[in-house]
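Observations on the model geometry
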Amino acid sequence: LPEYQTVTETGTRTLWVVMVLMVIASIVFSGMSWNVPISRRLYHVITTIIVVTAGISYFAMATGHGIAYNHVVERESHKHVPDTTHDIYRQVFWARYVDWSITTPLLLLDLCLLAGMNGGNILIALVADIIMILTGLFAAFGSEGTPQKWGWYAIACIAYLVVIWQLAYHGRATAMAKGGKVGKFFGAIGGFTLVIWTIYPIIWGIADGSRHMSVDEEIIAYAVLDILAKPIFGAWLLFTHMSMPETNVEI
Ligand code: RET
């Protein structure tokens, strides 16, 4: 008999809670932008778009949309009888990848602008990030037992290293050049981002990759990470920006 790994009431409730938090963050961040002149709203606009996008994605997932079943055939070997196979159908929330392909480049753009990176390095970081998310999507739909599944995962990890390199090397250098205050803040919020972001591929490997985590547990893990990476990151960035004129951008 095939096994179905699906979301239950706990997972659905979690998705609704995160959706509400993203809507609240959208209201707070757009409200904050009214307290600064139009020419100083770029971080506010970017950060509001991030939480609006996440809110829409969570609304889709909470209402049962943006989900597909990944079919996995597991081979079971026995001692005295021929091998048997076991079909697993696991829900993959592809709406996350739609969300991430829009929001992760924007989160990086926030950090790149804060650091004052040049256009070439910004573009490399953003494109490497989009490659990371899309090859991660290919990995999510690769069937078990095919080498390309973890192959796509490896490509995504290499792209992620390119992102880290751009921010940690070029970003840190230009942030330091903007002065001690900006350099210190970039180090703190960049370090926070690095830790949170690195947990995503670990969760992916345990949940989607090797199915050692239930769909509900996967939803809860990503929920915690998404709240830290978007509303908490955004609030930290916007409040600090408002009290630190050195972080102003001229574009
Ligand atoms: C995947 C799987 C393939 C390998 C790697 C991944 C990295 C994902 C990351 C996601 C970050 C998401 C954020 C969401 C917004 O809140 C695609 C999971 C490296 C880093 C910050």
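For the structure itself, look to the data block above.
A quick note: this is a predicted structure, and the numbers were derived from the prediction, not measured.

The next point concerns the site of the ligand. Residues in contact with the ligand amount to 14 residues; listed here are only the nearest, Ala156, Trp197, Tyr200, Asp226 and Lys230. Contact distances for the ligand include 3.4 Å between an oxygen atom and a side-chain N or O atom of Asp226. Here the ligand, which alone exposes 540 Å², has 100% of that area covered by the protein. Within the residue set of the shell around the ligand, elements represented by two or more residues are helix H3 (95-115), helix H4 (119-141), helix H5 (147-177), helix H6 (180-209) and helix H7 (215-242). Ranked by the residues each element gives to the shell around the ligand, the list is headed by H6, at 4 residues.

This part is about H6. Taking 1.5 Å of rise per residue, 30 residues should cover 44 Å, and H6 covers 42 Å from first to last C-alpha, within 8% of that figure. The principal kink in H6, of about 25°, is found at Ile203. Backbone geometry just after H6 places Arg211 at a positive phi near 55°.

With that settled, the discussion passes to the packing of aromatic side chains. A full pass over the atoms with the stated rule returns 14 aromatic pairs. Pairing Trp150 with Tyr153 gives two aromatic rings, centres 5.1 Å apart and planes at 75°, and the pair type is edge-to-face. One end of the pair, Trp150, and the other, Tyr153, are both in helix H5, 3 residues apart, so they sit about a helical turn from each other. Assessed through its relative accessible area of 36%, Trp150 is described here as partly exposed. The structure contains a cluster of three or more aromatic residues connected by ring pairs, namely Tyr97, Trp100, Tyr200 and Tyr222. Positioned above the aromatic ring of Phe93, the side-chain terminus of Arg96 is 5.7 Å from the ring centre.

A few words now on the packing of H3 against H7. Interaxial distance between H3 and H7 falls to 12 Å at its minimum, and their mutual angle equals 30°. Compared by their axis directions, H3 and H7 come out roughly parallel. Of the two possible hands of crossing, H3 and H7 adopt the one that is left-handed. The residues of H7 that touch H3, namely those facing Arg96, Asp99, Trp100, Thr103, Leu107, Asp110, Leu111 and Leu114, are Glu218, Ile219, Tyr222, Asp226, Ala229, Lys230, Phe233 and Leu237. Split into classes, the residues belonging to the contact of H3 with H7 amount to 9 nonpolar, 1 polar and 6 charged.

What follows concerns the pattern of salt bridges. Tallied over the entire structure, the rule returns 6 salt bridges. Residue Glu74 pairs with Arg211 through a salt bridge whose shortest N-O separation is 2.8 Å. Taken together, the residues span a long stretch of sequence, with Glu74 in strand E2 (residues 68-76) and Arg211 in the loop between H6 and H7 at a distance of 137 residues. Classification of Glu74 as partly exposed rests on a relative accessible area of 30%. Its relative accessible area of 12% is what places Arg211 among the buried residues. Salt-bridge contacts for Glu246 lead to Lys181; the nearest nitrogen and oxygen are separated by 3.7 Å. With Glu246 in the segment after H7 and Lys181 in helix H6, the pair connects residues that are 65 residues apart, well separated along the chain. Residue classification places Glu246 among the partly exposed residues on the basis of a relative accessible area of 34%.

Where H4 contacts H5, the axes come no closer than 8 Å and their chain directions differ by 160°. With respect to H5, the element H4 is oriented roughly antiparallel. The crossing of H4 and H5 is left-handed. Residue-level contacts link Asn121, Ile124, Ala125, Ala128, Asp129, Ile131, Met132, Thr135, Gly136, Phe138 and Ala139 of H4 to Lys149, Trp152, Tyr153, Ile155, Ala156, Ala159, Tyr160, Val162, Val163, Gln166, Leu167 and His170 of H5. Of the residues belonging to the contact of H4 with H5, the class tally is 16 nonpolar, 5 polar and 2 charged.

Definitions and cut-offs
- Residues numbered from 1 in each chain as written.
- Predicted model: local features only at pLDDT ≥ 70, side-chain atom pairs only at ≥ 80, totals over all residues.
- Heavy atoms only, no water.
- Near = heavy atom within 4 Å.
- Polar contact = N/O pair within 3.5 Å; in protein donor to acceptor, adjacent residues only side chain to side chain.
- Areas by Shrake-Rupley, 256 points an atom, 1.4 Å probe, with all protein chains shown as cover.
- Helix = DSSP H or I, 4+ residues; strand = E, 2+ residues; numbered from the N terminus.
- Expected span 1.5 Å × (residues − 1).
- Bend = angle between axes of the 7 residues up to and from the residue.
- Phe/Tyr/Trp six-rings, centres within 6.5 Å; stacked < 30°, edge-to-face > 60°.
- Buried < 20%, exposed > 50% of the residue type's maximum accessible area, 1.4 Å probe, protein only.
- Lys NZ or Arg CZ within 6 Å of the ring centre and 35° of its normal.
- Axes fitted to C-alpha atoms, helices over the stretch in contact; angles between N-to-C directions.
- Parallel < 35°, antiparallel > 145°, perpendicular 65-115°, else oblique.
- Left-handed = near helix turned anticlockwise from the far one by under 90°.
- Contact = heavy atoms within 4.5 Å.
- Nonpolar A, V, L, I, M, F, W, Y, C, P; charged D, E, K, R; others polar.
- Salt bridge = Lys/Arg side-chain N within 4 Å of Asp/Glu carboxyl O.

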